[in-house]
Amino acid sequence: MPSQNNFVIFAETDNETTMKTKGFVLKCFITATALCSVLLTSCRENLDLGLGYTITGTIVGDDENGYYLYSDRYPEVAVSYEKGLDKYERAYCSIRFKEENRFFSDRAGEFCLIDNADIEIITPYDVIRPISKTEADERHITDSCSAAPHFLTGGYASRGYFNFSTAISILDMDDMSHSHIPADLIYDPARQSPDTLRLELCYRPRIPKGKTACRYEYGTTSCDISGLAGLQEWNDSLCIVIEAGDSLIHRIPISRNDFRKPEPLFN
């Protein structure tokens, strides 16, 4: 009978069902085992790559002798033999290395040396250098300065640099183009004293006339203060005071040694 034949075609015995169930479970087990094996291998490979973390620092060196990444906050210098890092002076970086390659050496002085590190540039920083009031006046830089929005400093100086953050470009929402915002730090030799380095930020955003769909894009800039080491007979401890055009006084405590930039540790 038709209904009976249909039943026979699609029905299974208990033994057949059991065998198929066992087969399905076995396939699942094999698949899961293979997947775990792949994941364990991947984890093992990642572990073999060693340690890693992110830092802000200064890069010095060259393609021939290697590049040296000096951390701002830690007494460490990572050495990389990758090519092309000379495009960067200051950056927020990711470094990865093997533990056995981190050691102290007479070559590095007070620094812990991390040899053969893998350095990845996450965010490169623009670097500016302070200019004198005389130069600023000659170039008419101070003619159209305004207050920098949400100006903040990193709160410290390290090895010849300090960081500050504010709007660094203007985004045109119509064509999604960026316009760099010029900013200069100006020093007046007549206003300096052994315990205070005074800098004035001249910030010059240029929003095209008639443009209303614009937006500030924020970021970090580094200031190289090494050229001001001989500007004054500085005290062992002093303070950088930055006038950013707002109502706040921005202070960064530093030492006289903080004017010194790092150098490559070539043999």
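To be clear, the structure that these remarks concern was listed above.
What counts, and at which threshold
Residues numbered from 1 in each chain as written. Predicted model: local features only at pLDDT ≥ 70, side-chain atom pairs only at ≥ 80, totals over all residues. Heavy atoms only, no water. Helix = DSSP H or I, 4+ residues; strand = E, 2+ residues; numbered from the N terminus. Buried < 20%, exposed > 50% of the residue type's maximum accessible area, 1.4 Å probe, protein only. Contact = heavy atoms within 4.5 Å. Areas by Shrake-Rupley, 256 points an atom, 1.4 Å probe, with all protein chains shown as cover. Pairing = 2+ DSSP bridges. Salt bridge = Lys/Arg side-chain N within 4 Å of Asp/Glu carboxyl O. Phe/Tyr/Trp six-rings, centres within 6.5 Å; stacked < 30°, edge-to-face > 60°. Lys NZ or Arg CZ within 6 Å of the ring centre and 35° of its normal. Polar contact = N/O pair within 3.5 Å; in protein donor to acceptor, adjacent residues only side chain to side chain. Patch = residues over 30% accessible without salt bridge, like charges linked within 9 Å, V, L, I, M, F, W, Y side chains within 5 Å.

Participant: Mind laying out the overall build of the protein chain, listing which residues take part and the relevant values?
Facilitator: Scanning the protein chain for helices and strands turns up three helices and 17 strands. For the protein chain, the residues scored as buried account for 35% of the 267 residues in total. Contacts spanning at least 24 positions in sequence make up 68% of the contacts within the protein chain whose residues lie at least 6 apart. Within the structure as shown, the protein chain displays about 16,200 Å² of accessible surface, and the carbon and sulfur contribution to it stands at 53%.

Participant: Go over the sheet that holds strand E14 (residues 196–203), please, and point to the residues and values.
Facilitator: Read across the open sheet, the five strands follow the order E9-E13-E14-E16-E17; overall the sheet is mixed. Lying at the two open borders of the sheet, with one neighbouring strand each, are strand E9 (131–132) and strand E17 (250–255). As defined by bridge partners, E9 adjoins strand E13 (residues 183–187) across two bridges and the pair is classed as parallel. Residue pairing in the sheet places Ser132 in a bridge with Tyr187 of E13.

Participant: Break down the pattern of salt bridges for me, citing the residues and quoting the values.
Facilitator: When charged atoms on two side chains of opposite charge get close, those side chains can pair. A complete count under the given rule lists 14 salt bridges for this structure. Among the ionic pairs, Arg102 bridges to Glu76, the shortest N-O distance being 3.5 Å. Here Arg102, found in strand E5 (residues 102–104), pairs with Glu76, found in strand E3 (residues 76–80); they are 26 residues apart in sequence, far enough to count as distant. The partner of Asp224 in a salt bridge is Arg129, and the shortest N-O contact between them spans 3.0 Å. One end of the pair, Asp224, is in strand E15 (residues 214–224); the other, Arg129, is in the loop between strand E8 (126–128) and E9, with 95 residues separating them in the sequence. For Asp224, a relative accessible area of 4% puts it in the buried group. Linked by salt bridges that have partners in common, Glu89, Arg129, Asp224 and Lys261 make up one network.

Participant: Quick rundown of unusual backbone geometry? Include the residues and the values.
Facilitator: Comment: phi is negative for the bulk of residues other than glycine, and the bulk of peptide bonds are trans. At Asn116, a residue that is not glycine, the phi angle is positive and equals roughly 55 degrees. Locating Asn116 in the fold gives a position in the loop between strand E6 (112–114) and strand E7 (118–124). For His140, which is not glycine, the phi dihedral falls at a positive 60 degrees. You can see His140 is positioned in the loop between helix H3 (133–138) and strand E10 (152–158). Residue His140 is classed as exposed on the basis of its relative accessible area, which comes to 54%.

Participant: Explain the packing of aromatic side chains to me, using residue names and the numbers behind them.
Facilitator: On inspection of all chains with the given rule, the structure shows five aromatic pairs. Relative to Phe97, the ring of Tyr53 lies with its centre 5.9 Å away and its plane at 85 degrees, an arrangement referred to as edge-to-face. Here the residue Tyr53 occupies a position in strand E1 (residues 51–62), and Phe97 occupies one in strand E4 (residues 90–97), the gap between them amounting to 44 residues. Classification of Tyr53 by relative accessible area gives partly exposed; the value is 25%. We classify Phe97 as buried; its relative accessible area is 2%. In this structure, Arg73 is placed above the aromatic ring of Tyr156, and the distance from its NZ or CZ to the ring centre is 4.2 Å.

Participant: I'd like a rundown of the side chain of Asp224, residues and numbers included.
Facilitator: A distance of 3.0 Å separates polar atoms of two side chains, one belonging to Asp224 and the other to Arg129. If we skip the residues at most four places from it in the chain, Asp224 touches Glu89, Val127, Ile128, Arg129, Pro130, Gly160, Tyr161 and Lys261.

Participant: Talk me through a nonpolar patch on the surface; I want residue IDs and the actual numbers.
Facilitator: On the surface, a nonpolar cluster with roughly 290 Å² of combined accessible area is contributed by Ile207, Tyr216 and Tyr218. Here Tyr216 is to be found in strand E15. For Tyr216, a relative accessible area of 31% puts it in the partly exposed group.

Participant: How would you sum up the pairing of E3? Please name residues and give values.
Facilitator: Of all five residues making up E3, five are buried, and the element is well covered by its neighbours. In this sheet, E3 lies alongside strand E2 (residues 66–71) in antiparallel orientation, the contact comprising four bridges. Bridge assignment links Tyr68 to a residue of E3, and that residue is Val79. The hairpin formed by E2 and E3 contains four residues between the paired strands. Judged from the three bridges that link them, E3 and E6 form a sheet pairing that is parallel.

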